[in-house]
Structures are given as C-alpha cells and as structure tokens.
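Here are the chains, one letter per residue:
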Amino acid sequence: MSGADKYSLNKWLKKIFGFDSFKGNQEAIIRSVLDGHDTFVIMPTGSGKSMCYQLPGIISEGTAIIVSPLIALMKNQVDAISNFGQGKGIAHVLNSSLSKAEIAEVKQDIVSGRTKLLYVAPETLTKDDKIEFFKNVKISFYAIDEAHCISEWGHDFRPEYRRIRPVVDEIGQKVPIIALTATATPKVQQDIKKNLNINDANLFKTSFNRPNLYYEVRQKTKDCNKELIKYIKDNAGKSGIIYCLSRKKVEEIADILVANGIKALPYHAGLDSTTRKANQDKFLMEEVEVIVATIAFGMGIDKPDVRFVIHYDMPKSLEGYYQETGRAGRDDGEGNCIAFYSYDDIVKLEKFMRDKKVAEKDIAMQLLQETISYADSSICRRKQLLHYFGEEYEAENCGNCDNCLKPKEKFDAQDDLLLVLDVIVEVKQLFKDKHIINILIGKSDAAIKQCKHNKIEFFGRGSEYDERYWLNIIRQGIIFGFIEKDIENYGLLKVSEKGAEFQEEPYSVMFTKEESEDDEMQDPEVGS
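All values reported here derive from a predicted model rather than from experimental measurement.

Please give an account of the sheet that holds strand 2 (residues 63-67) that cites residues and values.
Taken in spatial order, the seven strands of this open sheet run 3-4-2-5-6-1-7, and their pairing is parallel. Since the sheet does not close on itself, it has two edges, and those belong to strand 3 (91-94) and strand 7 (202-205), each with one partner. Strand-to-strand twist across the sheet, computed as the mean angle between neighbouring axes with direction ignored, equals 20°. Judged from the four bridges that link them, strand 2 and strand 4 (residues 117-120) form a sheet pairing that is parallel. Within strand 4, the position partnered with Ile-65 by the bridge is Leu-118. Contacts from helix 4 (residues 51-59) reach strand 2, strand 4, strand 5 (139-144) and strand 6 (177-181) within the one sheet, and its direction differs from that of strand 4 by about 135°.

Right, dumping it as structure tokens:
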C-alpha cells in the first residue's frame, strides 16, 4: 500500500512538513507523480517547487533521484528536510564534495531503504560506477530540478543535462520523470520535453506574473554607488541581494557598502566553501542585511522576506533577470527589483561572448538583445517580461513598474506599423530587425546592396525617423502580437496572423513614445 493510499495527501503534508494546506497546483502535481505520470512543472520562484518532489519522494517506495545543478542548493534542501524532523539519512547528497567514507555511508543508507531523497549533480548521475550502482536500487522517480539547464536557449545551459535521459534509459527502470523550472520560454519548454523524452507529460504551468514585485530600470551614472547606498539606508533593516557580473565587482561593492556602515558580505565562486557558507548563513539568519553576489547565489536559497533585489550590472538574459528578481518578496510581501543599465555593461557582455563558438554566440547575442530591449523599453515592464515567457498581460497599466507609474506619452502608430509589416513581407520574412530598419531609413550597407533592397519601393520610406524610432515600432509590434521573432532561425522577423489581419484592415494602434536620446542613455546598435 502506497503512502498516498494510507493517508490523504493533506495529512502527509501536515505530518511531515507541518503545513495545513498545499499552495497552487502542488497537490495535483504530486498526485500526477504518484500516479506514475511524467510531469512538467513551470512554477515561479517561491511557489514551492521542491515540495512537488519531496513529499511524493518521502511517501513512495524506493528512492527518488533528484538531479540538481549546485552543491549549495542540494545541501540546503537536505538540511531543510532534516529540520522538519525526518531524521538523519532520509535525504542525502551524493556528489564530489563527499569523502570515500561519506559516499560509503550514503550508499549503505540507500541500499537499506532508509534514503528516500537522493540529490545528485548531473555529472555524478552519468558516471559509469554510479549507473551500475543505481541499476540495483529501487528508484521511485527522477526529479530534474532547474530543468532549463538542458536547453542552449536557457540562461544556465549545462551540457551534462543532455545526458540525463540516456542514463535514465541505461539504468533501465520504467519510472516517471518530473521536470521543474521557474524560467522557461516556449522554446526552452520545447527543448526540455524533447531532451527528456517527456512529450506526453502532464503540464502544470503557473502564471509568471508576480504582482507584488515592482520593476524599475535606472540609468547607471557616475553617481550609481551613491544611489545604491542611499536606497539601502532608506530601507534599513530590510534584507536585500545585489547582483554583479564579476567577482571583482562583488568584492568592490561589498567593501563600499561596509565602509558606509551597511552590514554586507560578498558571495561568489572565488571564495572558499567555508566562507561562502558562513556568509550565506549570516544572511539567512539576518546577521547581515545585504549579500552582494554573482548569479550563483540564490538558487534554492529559501529566504522569503528579501525586500529588494538590485542588479548593479544587467544580466545576460531575461531568464536570468527573472529568476534573480524572483528572490524578492517570496512571502508575497514587498519586493522591489531595481536594475542599473548602461551601454558599457552591454559592451562588456559582448566581449565575454567573443570566444564562444559561432552557434553559441548567436544564441547568446539574441538573449542579450532581449535584455537590451527590456531595459530600453518605455512600455510596461511586466507586460514585456510575461510576453517573453509566452504569457500575455492584458491590463494596460500594471501599477507596479516605473513605466506604468510614470507613463510615457502615447501616439497612433497605425501608419508606421503598417509600413514595417509591408517591408517584412516585401523581403520574404527572411531578415532581422537591423536589416528592416536599414531599408526604412535608407541606409545602404553591404547586405542591403547584395540583396538589392536599395532598389525596392520601400527603401528610405521612413527616413524622417532614426533607427531608435523604428526599433521601438518593431519591439512594440512584437509585444502586441503583430510581429513574431523566429528565435530558432536567427531572430528573423515574421508577420503574425494578427499582423496579416491588420494589413488587410488597418486600425488605430496606440504605442508608447520613446524618450529622446538626450533624456536616456545611448542606445546600442540594433540587431546583431
């Protein structure tokens, strides 16, 4: 008799974790796993993804194998299970951080049936000796956490994740797989299902909208550090995370904050594990107010009352931005997400990409262009974020982002949108935004000449406006569903069904007016 038969799931929830009720789709997800179905869970940070495999793992016969990308994340969850009074050995980590004696102890607990939850890195799962060991272990199911790591289009691509399905097949037990992620665009979702071979999985998708989070992008000026210090002091006593791209910048900002009387500590991979853990624990126990970190910090760290997340540097992708801002307000309380943006940051990110392979660089550049679009945009931040993840936000004004609280002027873009769509169709929907804009403004570069697009009737038709203006029309055309960007095909622009209908019967379309370049930071060259 399975645990699910013996008690209702609510009783198990209360007995093991002390909670009275499930959050959102948790119960339905757990039942899907217990019923033996492959299950795909897309759930924002703070929605309780880990419960979806911890509870069924504990009450099922056998050991659940949980694949996780970070040692710190694994240890945090194992410690949490122990804190719920489940006793030593019911949850274990099996990875490169363990000694031979510790590995032997873990294996003994698994063989004896004591261990119900086993956390492994993908590199551990795919080792030959581990595969042979798991062939003789009764496995209840596999949980693939941070499943976006399987996709080249995800913000944390890990090639080892691609080997998970072949290894599962080699181990040879027909058990369900549950894949979980907080950040997955439609393309990443497709990759996850294909690579794990769970195309028929039960899908549980929670809205990406976090209504309690406030989004703001600020220009990064020479006074950025003063702004940072003032903001933190104005929010004294509140916990916050500051994200930087480099270890050097993390240390620099942490030192500046401490010098200004703010309790802050650094967190990055260059610190030894003892220091990292000590700094993390001090933040969790509120001995310090602020942790300054590279992106590795935060994955699986359960601190519900983080009140602000500040990106000192813009991240490489909107997935990364969304996941990192998702650390704020996990208790549904206040959560302020502020990003500092400058063209210099984009130049640095582009330099990081120079040594990547061509295909990898193309993907990275497309992801970066989406980040630039978000940072530069004058339309609702929430609308743009949700659209990126394949979800439409219907409200005109979210009331909780800088662009909605200080709305920009709107204008009727009917004629200009129609012109953009006509150009896209004229060039057979085979070009990116930069090429379309060059046609509109009459800029005859090598690609335009080679394709003889300087000879078409639309060449120079929009020359009264600059590149920035037309990029704004294209971006909003995408957000509002008139234009589609084919990300699998180099970001080529296509006219959507809605766009084609608009071409047939045009109507008034109100777009947000971009501020002039004098009012904002310099815009990088469009396209790539």
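Go over the environment of Tyr-215, please, and point to the residues and values.
With respect to the helices and strands, the residue Tyr-215 is situated in strand 8 (residues 213-219). Residues Tyr-215 and Glu-27 lie 188 residues apart in sequence; the distance between their C-alpha atoms is 31 Å. Aside from chain neighbours lying at most four places away, what touches Tyr-215 is Arg-210, Tyr-321, Thr-325, Cys-337, Tyr-374, Arg-381, Arg-382, Leu-385, Asn-400, Cys-401 and Asp-402.

With reference to specific residues and values, describe the pairing of strand 10 (residues 264-267).
Where burial is concerned, the two faces of strand 10 agree: the one with Ala-264 and Pro-266 and the one with Leu-265 and Tyr-267 are both buried. Bridge analysis of strand 10 against strand 11 (residues 290-293) gives four bridges, and the strand direction is parallel. Residue Pro-266 lies in a different strand from strand 11, and its bridge partner there is Val-292. Regarding topology, helix 13 (residues 273-284) serves as the crossover connection from strand 10 to the parallel strand 11, and that connection is right-handed.

So what's going on with the packing of helix 19 (residues 414-426) against helix 23 (residues 497-504)? Residues and values would help.
Viewed as axis vectors pointing N to C, helix 19 and helix 23 meet at an angle of 115°, and their least axial separation amounts to 10 Å. With respect to helix 23, the element helix 19 is oriented roughly perpendicular. Like other packed secondary-structure pairs, helix 19 and helix 23 cross with a definite hand, here left-handed. Of the residues in helix 23, those in contact with Gln-414, Leu-417, Leu-418, Leu-421, Asp-422 and Val-425 of helix 19 are Gly-499, Phe-502 and Gln-503. Within the contact of helix 19 with helix 23, the residues separate by chemical class into five nonpolar, three polar and one charged.

Go over helix 10 (residues 186-196) with me, naming the residues and quoting the values.
Taken together, the buried positions of helix 10 are Lys-187, Val-188, Gln-189, Asp-191, Ile-192 and Leu-196. Where helix 10 is buried, its residues contact strand 1 (39-42), strand 5, helix 9 (164-171), strand 6, strand 7 and helix 14 (318-325).

Can you tell me about the sheet that holds strand 13 (residues 335-341), naming the residues and giving the values?
Strand order in this open sheet of six strands is 8-13-12-9-11-10, and the pairing throughout is parallel. Looking at the sheet topology across the chains shown, the edges are occupied by strand 8 and strand 10. Neighbour to neighbour, the strand axes of the sheet diverge by 20° on average, direction disregarded. Note: strand 12 (residues 306-311) against strand 13, four bridges, orientation parallel. From the neighbouring strand, His-311 faces strand 13, where its bridge partner is Ala-339. Across the face of the sheet, helix 12 (residues 247-259) comes into contact with strand 9 (239-243), strand 10 and strand 11 while running at roughly 170° to strand 10.

Rules and cut-offs
Residues numbered from 1 in each chain as written. Predicted model: local features only at pLDDT ≥ 70, side-chain atom pairs only at ≥ 80, totals over all residues. Heavy atoms only, no water. Pairing = 2+ DSSP bridges. Helix = DSSP H or I, 4+ residues; strand = E, 2+ residues; numbered from the N terminus. Axes fitted to C-alpha atoms, helices over the stretch in contact; angles between N-to-C directions. Contact = heavy atoms within 4.5 Å. Buried < 20%, exposed > 50% of the residue type's maximum accessible area, 1.4 Å probe, protein only. Right-handed = clockwise from strand over helix to strand, strands pointing away. Parallel < 35°, antiparallel > 145°, perpendicular 65-115°, else oblique. Left-handed = near helix turned anticlockwise from the far one by under 90°. Nonpolar A, V, L, I, M, F, W, Y, C, P; charged D, E, K, R; others polar.

Any functional reading would require information beyond the geometric quantities listed.
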